[in-house]
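Notes for the structure review
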Amino acid sequence: MDKDFTRRQFMGRIWWGLAGLLALETGGGFALSLWPQFKSGGFGGKIKIGTLEEVKDMPVGTVTYVREARAYLSRVESGFLALYRKCTHLGCVVPWAADDPSEDDLAAKGRFNCPCHSSIFDRFGLVQGGPAPRPLDIFLINIEDGVLTVDTSTPIQRSGFDESQVTGI
């Protein structure tokens, strides 16, 4: 060691080096937390709903929440709709109210009620009341090898209901 380099200087450099490493680790961890971590089969990708046999027996008018897809699987006469749970007004999560009066002719009870500003949607995702400017967005439903999957990578905005939005089985 150099005679001009004291033990105090050596310890000071060690402490500053350790503080620098700690700052780098903290900054790196923070930077990595800003990027979404997509896992296979999670939201933002294709999510398995069930086999064709499992969903085929669902009665018309049934609405089932699929947590991984952040969507509702709505059984209508001609097949299924995957309705995104996000309100088209301000983005609130819209819950399914199974005991409320129905807004469509598929069943006597059940509708979507947005808790933020009271928008009401039917089983087709159509606006029945409130400030929502358009129907609930939908996701594409695919049938591959007898398995129903929902592609949550891109919500599809719509201005109304069209039979082509339904996935038949």
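In this report, the structure presented in the accompanying data block is examined.

Looking at a negative patch on the surface
- On the surface, a cluster of negative charge is made up of E77, D105, D162 and E163.
- Along the chain, D105 falls in the loop between β5 (96–101) and β6 (109–113).
- Residue classification places D105 among the exposed positions, given a relative accessible area of 82%.

Describing the nonpolar core
- Counting residues in hydrophobic clusters, the biggest one holds 17 residues, and the most contacted among them are C87, V94, F112 and F121.
- Of all elements in the fold, only β3 (71–76) and β4 (79–84) reach the threshold of two or more residues within this core.
- Not counting chain neighbours up to four residues away, the residues in contact with C87 comprise C92, V94, C114, S119, F121, A132 and L136.
- Core analysis: the second largest hydrophobic core is formed by 16 residues, I47, V66, A69 and L148 among them.

Each value, and the rule that gives it
- Residues numbered from 1 in each chain as written.
- Predicted model: local features only at pLDDT ≥ 70, side-chain atom pairs only at ≥ 80, totals over all residues.
- Heavy atoms only, no water.
- Patch = residues over 30% accessible without salt bridge, like charges linked within 9 Å, V, L, I, M, F, W, Y side chains within 5 Å.
- Areas by Shrake-Rupley, 256 points an atom, 1.4 Å probe, with all protein chains shown as cover.
- Salt bridge = Lys/Arg side-chain N within 4 Å of Asp/Glu carboxyl O.
- Lys, Arg positive; Asp, Glu negative; His and termini not counted.
- Charge placed at Lys NZ, Arg CZ, Asp CG, Glu CD.
- Helix = DSSP H or I, 4+ residues; strand = E, 2+ residues; numbered from the N terminus.
- Buried < 20%, exposed > 50% of the residue type's maximum accessible area, 1.4 Å probe, protein only.
- Core = buried A, V, L, I, M, F, W, Y, C linked by side-chain atoms within 4.5 Å.
- Contact = heavy atoms within 4.5 Å.

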